[in-house]
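Survey of secondary and tertiary structure
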Amino acid sequence: MTEKQNGWSEVESARYRAIGHWQGVTFGARLRQASTDHGDRVALVDRDRRWTYTDLDTEADRVAHGLRGLGIERGDRVVVQLPNCAEFVLVWFGLQRLGAVPVHAMPGHRRREVGHLVRVSGAVACVVPDRHARFDHRELMREVRAEHGPGGSLRTVVVVGDPGSESGFVPFEALRAAPLPVPGRTAPDALPAPGADDGGAGSADVALLLLSGGTTGLPKLIPRTHDDYAYNARACAEVCALDERTVYLAVLPVGFNFAFACPGVLGTLMAGGTVVIAPDPSPQTAFALVEWEGVTLTSLTPPLVTHWVDEAASGSWDLGSLSVVQVGGARLPEEHARKLGPALGVTVQQVFGMAEGLINLTRLDDPEDLVCATQGRPVSPDDEILVVDTDGRPVPDGTAGELLTRGPYTLRGYYRADEHNRTAFTPDGYYRTGDVVRRLPTGHLVVVGRIKDQINRGGEKVAAVEVEEQLLTHPAITAAALVGVPDERRGERTVAFVVCDGEAPGAREVAAHLRERGLAGYKSPDEVVRVAGLPLTAVGKVDKAALARTLLRP
Ligand code: J2J
């Protein structure tokens, strides 16, 4: 996969353009247009800071200009690892205006993940906060730079906040303070706005790289084009009936595909609405913002739902403006779905999506049973769905099988991963999701399981293989299997079954070891269980189901 070959055939591409799914407009150009259409409306709110559409457009120019001053050019990849703050959006549009490609890292990622993202993408720069969640990202950047700096691709680190004493770290404020070539607003030709005015060149280019939840040793990068990603956001925005009155509260990390484009930040901005950034996902913070800003829509993962329901029951909040709450990323238990609507006085929408593309939503007017007991149906009439048995043959509706999909916004290949791509897709371009679903006659999907070796900790994805490889670097561990087991709060938690030589390490020691190895904290096993040996299946694979069952016995 290169930037140009995004994998769709000429025939499909022509069709998606003809139908109007792909509009031939880059995100840089879209923001310029939004500033014309919605100029004085408030686009973005972060605590006491506000940007109108015109402000946001000007800010994108400033940031683009500052980034270009650092030598960042069209097509360059830039890892953006920012927590929920307006700067994420400013940097993102600055990069778009320049034609550079943001790589969405999660705030919890550490040396191993960020280093991997830099290496695979060949990123020339990283944008990070100074500190977040009691962690110093400048420290992390020092380590990443030592590995990927001179000689490697990484040249520049931009810090939102205090860059510290490290030489060569650029404060974000300095970046945006550089004088524009034309004061106030850049003339279109002063910056290489990608494809802004030329009827489409550039819109088929990769606009951003998302991170896959992963099933292999290291996470894969997902190329999303301007055309496909804008359609993703717009199709979701249409299902959610977004318009200029929409006030979207970003509670989940904004870099997460769900909060960014389903419809999230991008869908709201494309509809002329207002995006409000929540600095943390607690219901107290969120409900205060709902009251102050008149929030109409937000999105949550299932573990947050019970906290939100409990806090709403306190009766101390006026949530009258809130009309729709989306829940997705992991399976929402039906009884939680049934409680959420009445507790918050909202319409619930289940979301079954993936950074790779396909998004399923329950519709706002679906009957309660569909809303509470299904994970929605595809947002696009051109999403193609197959539910197949282990031989790849389609199964009848109502029967469980693996979900395969292709369509106008689902990837055709991971970035620079030719070998993996050979098995991740069928020969005719369907993405093998690894999810096991049942399709109802209405087209709604019910997620009943998965065949991929990934654990879903309430929306946080953990690739078992990645953690197992790291567990084996512990001196006492000679074999390891990471297994997901049912958990009241998160749906699933991770248990590491380890075979040891000598004394077995406890969960805390294992966590410290994995942290030392540079692995994100959420990937540390919730529990460590010593076993004499790992049971095998008939074909010689580790029998994870048997391991999980051992925990159920008294
Ligand atoms: C069960 N499993 C689900 C659901 C995702 C919107 C919403 C979620 C994601 C996301 C996203 C699920 N019930 N409601 O990107 O835009 C599991 C499936 C899926 C995987 C994708 C979005 N919603 N899942 O979670 O790329 O296993 O995206 O294949 O992180 O999460 O994970 P991810």
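Cut-offs applied
Residues numbered from 1 in each chain as written. Predicted model: local features only at pLDDT ≥ 70, side-chain atom pairs only at ≥ 80, totals over all residues. Heavy atoms only, no water. Phe/Tyr/Trp six-rings, centres within 6.5 Å; stacked < 30°, edge-to-face > 60°. Helix = DSSP H or I, 4+ residues; strand = E, 2+ residues; numbered from the N terminus. Lys NZ or Arg CZ within 6 Å of the ring centre and 35° of its normal. Near = heavy atom within 4 Å. Polar contact = N/O pair within 3.5 Å; in protein donor to acceptor, adjacent residues only side chain to side chain. Areas by Shrake-Rupley, 256 points an atom, 1.4 Å probe, with all protein chains shown as cover. Nonpolar A, V, L, I, M, F, W, Y, C, P; charged D, E, K, R; others polar. UniProt positions renumbered as here; feature names shortened; annotations may be inferred. Core = buried A, V, L, I, M, F, W, Y, C linked by side-chain atoms within 4.5 Å. Buried < 20%, exposed > 50% of the residue type's maximum accessible area, 1.4 Å probe, protein only. Domains from an automatic or database assignment. Contact = heavy atoms within 4.5 Å.

As annotated in an unreviewed UniProt entry, the protein chain is (2,3-dihydroxybenzoyl)adenylate synthase from Streptomyces hebeiensis.

Let us now look at the packing of aromatic side chains. Tallied over the entire structure, the rule returns 14 aromatic pairs. Relative to Tyr409, the ring of Tyr231 lies with its centre 5.9 Å away and its plane at 70°, an arrangement referred to as edge-to-face. With Tyr231 in helix 8 (residues 226-239) and Tyr409 in the loop between strand 20 (401-406) and helix 15 (418-424), this residue pair connects regions lying 178 residues apart in the sequence. Of the aromatic side chains, those joined through ring pairs into one cluster are Phe27, Phe88, Trp92, Phe93, Tyr229 and Phe260. Sitting over the ring of Phe135, Arg110 keeps its end group 3.5 Å from the ring centre.

Near the ligand there are 19 residues, and of these Asn257, Val351, Asp435, Lys452 and Lys461 occur at the shortest range. With respect to the ligand, the side chain of Asp435 contributes an N or O atom lying 2.5 Å from an oxygen atom. Starting from 610 Å² of accessible surface for the ligand in isolation, the protein chains cover 95%. Within the residue set of the shell around the ligand, elements represented by two or more residues are helix 9 (257-261) and strand 16 (347-354). Along the lines of polarity and charge, the residues of the shell around the ligand split into ten nonpolar, five polar and four charged.

This part covers the UniProt feature "domain: AMP-binding enzyme C-terminal" (unreviewed entry) in the protein chain. Following the UniProt record, the feature "domain: AMP-binding enzyme C-terminal" (unreviewed entry) maps to residues 466-541 here. For the annotated span residues 466-541, helix accounts for 21% and strand for 33% of the residues, and the straight-line distance between the end C-alpha atoms is 16 Å.

What follows is about the nonpolar core. Residues Leu44, Phe93, Leu249, Leu266, Leu269 and Leu344 are the most contacted members of the largest nonpolar core, which totals 117 residues. Two domains each provide a minimum of three residues to this core, namely domain 1 (26-198) and domain 2 (228-450). If sequence neighbours within four positions are ignored, Phe93 has contacts with Phe27, Leu31, Ala60, Leu266 and Leu269. Ranked by size, the runner-up nonpolar core spans 22 residues in total, among them Ala105, Leu117, Met141 and Leu154.

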